[in-house]
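So the chains spell out like this:
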Amino acid sequence: MQVNCLDYQIHIGTKVDIDLSSYGTKFLVLMDTNTERLFGDYFPDYPRIVVEAGEASKSMETYDHVLTEALKHGLDRQSCIVALGGGVVGDLAGFVAGTYMRGIKFIQVPTTLLAQVDSSVGGKTGINLGNTKNIVGVFHQPAAVYCDTSFLAHLPEKEIRSGLGEVIKYGCIKDPELFSYLEEHIEQIVALNPEHMQHIVQRSCEIKAAVVQQDEKESDYRRILNFGHTIGHAVEVHSTLTHGESIALGMVLEAQLSHTLGVCDEETVDRITKLLQAYGFTTQLPDIPKEQLLEKIKTDKKTIAGKTHYVLLEAIGNVRIQPVTEAQLNEVLCNLP
Ligand SMILES: NC(=O)c1ccc[n+]([C@@H]2O[C@H](COP(=O)([O-])OP(=O)(O)OC[C@H]3O[C@@H](n4cnc5c(N)ncnc54)[C@H](O)[C@@H]3O)[C@@H](O)[C@H]2O)c1
Ligand SMILES: [Zn+2]
């Protein structure tokens, strides 16, 4: 099956047929040490660059290394970079492709659930600077995305859960039917049933593509994708939870915030909490001092003129963006069970 996003297609299936030849004359496949071990032979005919697995590879040093390799391999403006890996490889490959010779083509072949439902779609690319995440980057759309859900069979449970956090987010912000589907098919989804995985990847890509098409460069509307992320990011920096686990907790807290402000009812908060728990997410805040959380939220880049704008939940499938004061946020954090 296929989903359209801007001027490219996202292909979803198992054993997706990928014919690279229409995308360029020369290719370089970027992978990390894990995706090389597992899927290194996926593109047997093309040269590869392997970076260390992990977030540390989204660095200036690795960016420099990949650019240097691209030059050594003689990549030119007709060449194409292929990202075979999770969000780390995708963000790095996209940033290299977006800046090498002022921008060449790249193709996303995402191998984690998070990358299939989120990072490979939408064209945000970039690297970290020290501890500051994603602070250097460009918008550069891929020429195509190929989501092969059979890759997911090798993913550790924690990484699957991380991607599921984003899938649940799409249900919350845009799609009550997806939300119900996630409630009704827990067993099949946890068992990575191909039909169910393809369905949730497809719906997630459709929703993200629709949002990105309305607001490619995140001027306003695209911010609805940040539901759970304002508090979630602060949790992520101060805990050992994965991105998806942190935003899951962020969604619970931001839903509670919405309820405290009279924007949604209590049943909505309960439904989200129960669904996340059913997929094994922690919905209790780990032992992080509230001041540290508040401080991080305040310095978050989404703060505009001293007020933090939150994506608030009106009901499952409906959100609005609204400024929230520190006092209102404090009230929610201090009244946690
Ligand atoms: N560009 C965007 O819009 C966007 C959106 C969300 C997240 N991100 C970025 O994505 C990154 C996180 O992505 P991620 O969660 O995919 O992390 P990741 O790329 O680090 O992958 C997680 C781990 O799984 C391994 N792996 C990859 N595929 C595998 C497979 N099929 N089987 C077994 N192991 C596999 C990787 O080697 C790594 O160890 C972060 O850097 C984040 O900032 C970007
Ligand atoms: Zn996210």
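Please read all numbers here as calculations on a predicted model, not as lab measurements.

Enquirer: How should the domain arrangement of the protein chain be read in this particular structure?
Expert: By convention, interface size is frequently given as the accessible area that disappears when the constituent parts associate. When cut into domains, the protein chain gives domain 1 (2-154) and domain 2 (157-334). For domain 1 versus domain 2, the distance between C-alpha centres works out to 26 Å. Contacts between the two partners involve 23 residues from domain 1, matched on the other side by 27 residues from domain 2. If you look at where domain 1 meets domain 2, you find one salt bridge. In this structure, D118 and K208 form a salt bridge, with 2.7 Å as the shortest nitrogen-oxygen distance. Summed over the shared surface of domain 1 and domain 2, the number is six residue pairs in polar contact (both at pLDDT 80 or more). Among the elements of the structure, β1 (2-5), β2 (8-13), α4 (113-119) and β8 (132-139) are those that each provide at least two residues to the side of domain 1 that touches domain 2. Looking at the side of domain 1 that touches domain 2 element by element, the count peaks at five residues for α4. Split by residue class, the side of domain 1 that touches domain 2 holds 13 nonpolar, seven polar and three charged.

Enquirer: Please explain the site of ligand 1 as it appears in this structure.
Expert: Taken together, the neighbourhood of ligand 1 is formed by 25 residues, with D32, E55, G87, T111 and T112 sitting nearest. A distance of 2.8 Å separates a nitrogen atom of ligand 1 from a polar atom in the backbone of K124. Put simply, the parts of the chain that give the shell around ligand 1 at least two residues each are α1 (33-39), α3 (87-99), α4 and β8. It is α1 that contributes the most residues to the shell around ligand 1, four residues altogether. Its residues assigned to classes, the shell around ligand 1 comprises seven nonpolar, nine polar and nine charged.

Enquirer: Help me out: how do you make sense of the packing of aromatic side chains in this one?
Expert: Each aromatic ring pair is specified by the distance between its two centres and by the angle formed by the two planes. Applying the stated criterion across every chain yields a total of five aromatic pairs. A ring pair is formed by Y42 and F151, whose centres lie 4.9 Å apart and whose planes are at 50°; its orientation type is tilted. Note that Y42 is positioned in the loop between α1 and β4 (48-51) and F151 in the loop between β9 (144-148) and α5 (157-174), a separation of 109 residues in sequence. Connected via pairs of aromatic rings, a cluster forms that spans F39, Y42, F43 and F151.

Enquirer: Would you mind showing me how to read the coordination of the zinc ion (ligand 2) here?
Expert: Metal coordination angles in their ideal form are 109.5 degrees for the four-donor tetrahedron and 90 or 180 degrees for the six-donor octahedron. Protein coordination at the zinc ion (ligand 2): the donors are E166 (OE), H229 (NE2) and H243 (NE2), at 1.9 to 2.1 Å from the metal. On the basis of relative accessible area, H229 is assigned to the buried category, the value being 5%.

Enquirer: I keep staring at the pairing of strand β7 (residues 124-129) and nothing clicks. Help me out?
Expert: Two faces belong to every sheet, and in a regular strand the side chains alternate between them. Alignment of β7 against β8, held across five bridges, turns out to be antiparallel. Paired with T125 across the strands is V138, a residue of β8. In this antiparallel pair of consecutive strands, β7 and β8, the connection spans two residues, and G130 shows a positive phi of 60°.

Enquirer: Help me understand the side chain of R161 in this model?
Expert: Inspection of the secondary structure assignment puts R161 in helix α5. For R161, a relative accessible area of 14% corresponds to the buried category. Reaching out from R161, the side chain makes a polar contact with the backbone oxygen of Y279 at a distance of 3.3 Å. Not counting residues up to four positions away in its chain, the partners in contact with R161 are E245, Y279, G280 and F281.

Enquirer: How should I be thinking about the sheet that holds β4 in this particular structure?
Expert: Strand pairing in a sheet relies on backbone hydrogen bonds. The paired strands run either parallel or antiparallel. A sheet is described by the order of its strands in space; here seven strands give the open sequence β1-β2-β9-β6-β5-β3-β4, paired in mixed fashion. Looking along the sheet, the strands with just one partner apiece sit at the ends: β1 and β4. For this sheet the average axis-to-axis angle between neighbouring strands, irrespective of direction, equals 20°. Across six bridges, the pairing between strand β3 (residues 26-32) and strand β5 (residues 79-85) is parallel. If you follow L28 over to β5, its bridge partner there is I81. Packed on one face of the sheet, helix α2 (residues 60-72) meets β3 and β4 and runs near 170° to β4.

Enquirer: Just checking my understanding: could you explain helix α12 (residues 290-299) for this structure?
Expert: Note that an α-helix has 3.6 residues per turn; residues three or four places apart therefore point the same way. Taken residue by residue, α12 has L293, L294 and I297 as its buried positions. Across the axial projection of α12, the buried residues extend over an arc of 95°, all falling on one side. Seen from the open side of α12, the exposed residues pointing more than 90 degrees away from its buried face are E291 and T299.

The rules we used
- Residues numbered from 1 in each chain as written.
- Chains lettered and ligands numbered in written order.
- Predicted model: local features only at pLDDT ≥ 70, side-chain atom pairs only at ≥ 80, totals over all residues.
- Heavy atoms only, no water.
- Domains from an automatic or database assignment.
- Contact = heavy atoms within 4.5 Å.
- Salt bridge = Lys/Arg side-chain N within 4 Å of Asp/Glu carboxyl O.
- Polar contact = N/O pair within 3.5 Å; in protein donor to acceptor, adjacent residues only side chain to side chain.
- Helix = DSSP H or I, 4+ residues; strand = E, 2+ residues; numbered from the N terminus.
- Nonpolar A, V, L, I, M, F, W, Y, C, P; charged D, E, K, R; others polar.
- Near = heavy atom within 4 Å.
- Phe/Tyr/Trp six-rings, centres within 6.5 Å; stacked < 30°, edge-to-face > 60°.
- Donors = N, O, S within 2.8 Å, 3.2 Å for Na, K, Ca; no water.
- Buried < 20%, exposed > 50% of the residue type's maximum accessible area, 1.4 Å probe, protein only.
- Pairing = 2+ DSSP bridges.
- Axes fitted to C-alpha atoms, helices over the stretch in contact; angles between N-to-C directions.
- Arc of directions from axis to C-beta.

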